[in-house]
Amino acid sequence: MNKKFSINGLATLIGLQVLIFSCSQPTDERIPKTGLITDNAMVVSARGEASRIGVEILQKGGNAFDAMMATEMALAVTFPFAGNLGGGGFAVYRMADGQIGSIDYREKAPMAAHRDMYLDESGEVIPGLSTQGALASGVPGTIAGIFTAQAKFGKLSPAEILQPVIDLARNGFVVSTQQESRLRGILEVVRQVNGEDTFYGIERKAGDTIKNLALAETLERIAQNGKEEFYKGETAQVLVDHIQEMGGIITLEDLAAYEAVWREPVVFDYKELRVISMAPPSSGGVTIGQILKMVEPFDLKKMGHNSAEYIQVLTEAMRRAYADRNYYLGDPDFVAIPVDKLLEVEYLKSRMESYDPDLATKSEAIAEGSVLFAESMETTHYSIMDAEGNALAVTTTLNGAYGSKVYLDELGFFMNNEMDDFSSKAGVPNMFGLIGADANSIAPGKRMLSSMTPTLVERGGKLWMILGTPGGSTIITAVAQTILNAYEFDMTMQEAVEAPRFHHQWLPDQILFEENTLDSAIYRSLTSKNYLINEGRTPIIGSVDAIMVLSNGKLEGGADPRRENEAAGY
């Protein structure tokens with residue numbers, strides 16, 4: 001138990017700002033940049049404390065599912081921006097014997113929710129009602145998800161797994177520079193929603209230590225009583241009382257009825273790769289499958305990484321895939337989704353028939369196929385590989401930064417604002433610009449559509465890659481590009497994660513590039529073909545946490561320098 005584990009922390013964006021898009025390809029002469037290499041096991045997450053606690057559980061004899069519980073809760077302590085008890089997520093797994101599956105612990109609409117709950121008397125969307133305050137929250141699924149997965153596959157007791165997390169909450173974590181900025185940015189709205197004396201209504205600076213004693217006590221009750229504590233116990237009662245006092249509609253019956261759901265993953269081939277990703281109500285697996293299979297007939301390697309031609313063909317695939325996403329996808333328990341048809345080779349070939357290498361296809365000319373949504377960066381992903389060979393890709397979220405901004409001071413965590421991920425009104429963009437259709441309309445007990453894309457990739461029949469990212473609507477394109485970077489351009493895991501990314505989501509009809517990454521010659525080439533480029537200040541696109549299984553069996557972590565991600569392992 002005294003084995004030391006290594007840490008690879010790429011805490012800043014150093015280097016990304018000087019990268020530019022070019023058509024140069026990796027050569028044999030280059031010195032590859034690699035992330036952390038370990039022999040046995042690895043966790044890569046948004047915070048070093050969470051990665052280390054996950055590895056600690058693995059070293060104690062736990063497996064990937066035990067580490068999932070520990071890592072997720074450690075993120076709830078140290079990364080309240082997105083780590084959570086008051087949100088939900090998805091996990092895709094592959095056991096050492098090749099068995100695959102996934103668990104859906106996405107939030108659900110309360111039973112009192114209804115289709116037009118965010119519309120005024122004129123049928124127009126009321127600004128802010130689905131994004132801020134108690135009415136914006138869906139029924140949380142995180143505790144159900146981690147306990148259901150761990151009960152089926154884990155090896156240790158929840159009490160043993162959660163003790164290091166409880167200790168972390170009591171002893172505190174140090175505020176980073178990025179966290180100082182984020183907390184300052186939401187300080188006033190948190191005070192406005194919760195009152196001046198709320199826990200996160202206090203100004204905190206980098207270097208300060210945050211001790212969350214209320215969360216420690218909540219986790220102690222959950223460790224002792226299991227998930228029933230959160231959904232039927234004292235914690236449930238406190239949560240419901242607080243939410244209803246603030247005008248929310250979540251009830252004890254909503255909590256008691258919540259269950260995580262096992263789902264069959266979306267599985268498709270890309271050349272020699274077998275990709276295993278999340279099924280609806282995540283749009284990730286279907287949409288990434290459409291993008292990759294639409295570009296599969298093209299010689300991407302010959303085009304060159306991030307060349308104008310490469311950007312163009314990938315953009316056109318993205319455009320078409322997002323048009324389908326926005327029309328067809330929703331909660332499979334409520335709407336019929338033609339997943340097989342959407343991934344059919346002939347169908348996708350027909351979608352690309354209008355592609356013209358000399359001219360941009362206008363999004364107004366692209367409807368859904370014949371058979372718009374935007375989430376934000378306020379999601380978090382972590383990847384786990386244990387010494388037994390079990391792999392987990394997990395993405396979890398509160399939706400917006402710090403969710404609905406409702407903070408349960410008695411319990412020590414923020415609530416989600418996932419109700420905004422429904423289509424409040426067909427054709428009207430949500431907080432991230434994505435447009436929805438009837439398939440994603442609000443209904444009691446329904447799960448809202450998501451872009452979260454936890455993904456596993458096999459190569460030659462063996463596990464090759466575990467990956468995912470935050471980024472809302474850009475999650476899907478970031479994951480697709482990371483896979484292509486590694487496979488088509490022979491990048492290391494770290495290089496594949498760090499490479500500049502671009503994004504198109506059908507509407508708005510523009511290509512989004514990360515700031516200071518677009519070469520002027522490529523800009524001229526694209527604009528000459530009538531592509532619209534977002535020339536304003538643009539955010540980073542994703543923050544990938546990934547693991548690659550190398551040919552010698554060792555593991556390489558890819559910790560994205562766009563955020564404070566860290567890899568830990570032994």
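Model, not experiment: these values are computed from the prediction. Residues take numbers from 1 onward in each chain, read along the sequence in its written order. Totals for whole chains, interfaces and linings use all residues, but because this is a predicted model, local features are given only for residues with pLDDT of at least 70 and pairs of side-chain atoms are given and counted only at 80 or more. To get the side-chain values, all heavy atoms of the structure are used, and hydrogens and water are removed first.

Section: the UniProt feature "binding site: L-glutamate" (unreviewed entry) in the protein
According to UniProt, the positions carrying the feature "binding site: L-glutamate" (unreviewed entry) are Arg106, Thr397, Leu398, Asn399, Asp421, Ser450, Ser451 and Gly472. Structurally, Asp421 can be placed in the loop between strand 14 (413-414) and strand 15 (455-459). Overall, the relative accessible area of 3% leaves Asp421 in the buried class. Each polar contact in these results corresponds to two N or O atoms within 3.5 Å; when the atoms are within protein, one needs to be able to donate a hydrogen and the other to accept it, and residues that are neighboring in sequence are counted only if both atoms are side-chain atoms. Here Arg106 takes part through its side chain, which lies 2.7 Å from a polar atom of the side chain of Asp421. Each helix is a run of DSSP H or I of at least 4 residues and each strand a run of E of at least 2, with the numbering of both proceeding from the N terminus. Looking at the element boundaries, Ser450 is found in the loop between strand 14 and strand 15. UniProt positions are given in the numbering used here, feature names are shortened, and annotations may be inferred rather than shown by experiment. When accessible area is computed with a 1.4 Å probe and restricted to protein chains, residues below 20% of their type maximum are described as buried, those above 50% as exposed, and intermediate ones as partly exposed.

Focus on the environment of Ile126
Assignment of secondary structure puts Ile126 in the loop between strand 5 (100-105) and helix 3 (142-153). Contact definition: two residues touch when any of their heavy atoms are within 4.5 Å. Beyond its immediate stretch of four places on either side in the chain, Ile126 contacts Tyr118, Leu119 and Asp120.

A short note on helix 10 (residues 284-295)
Residue count minus one, scaled by 1.5 Å, sets the expected span of a helix. Helix length check: helix 10 (12 residues) gives 17 Å between terminal C-alpha atoms against 16 Å at 1.5 Å per residue, within 8%. Here helix 10 lies mainly inside the structure; 12 of its 12 residues are buried.

Topic: a negative patch on the surface
Two joining distances apply to patches: 9 Å for like charges and 5 Å for nonpolar side chains (Val, Leu, Ile, Met, Phe, Trp, Tyr), and every residue must have over 30% relative accessible area and no salt bridge. Only the protein chains shown count as covering a residue, and every accessible area follows the Shrake-Rupley method with a 1.4 Å probe. A side-chain nitrogen of Lys or Arg and a carboxyl oxygen of Asp or Glu constitute a salt bridge if their distance falls within 4 Å. Counting rule applied: Lys, Arg positive; Asp, Glu negative; His and chain ends not counted. Each charge is placed at NZ for Lys, CZ for Arg, CG for Asp and CD for Glu. A surface patch of like charges, here negative, comprises Asp197, Asp241, Glu245, Asp409 and Glu410. Its location among the elements puts Asp197 in the loop between helix 5 (177-194) and strand 7 (209-210).

Considerations on the pattern of salt bridges
Oppositely charged side chains are able to pair whenever their charged atoms sit close together. If you walk through the whole model with that rule in mind, you get 33 salt bridges. Here Arg221 makes a salt bridge to Glu229, at a shortest N to O gap of 3.1 Å. The pair Arg221 / Glu229 is uniform in exposure class, with both members buried. Across the pair Asp324 and Arg351 runs a salt bridge whose closest N-O atoms are separated by 3.0 Å. Of the two residues, Asp324 sits in helix 12 (residues 308-328) while Arg351 sits in helix 14 (residues 345-351), which places them 27 residues apart along the sequence. Take Asp324: its relative accessible area is 1%, and that puts it in the buried class. One salt-bridge network, in which partners are shared between bridges, spans Asp104, Arg263, Asp333 and Arg447.

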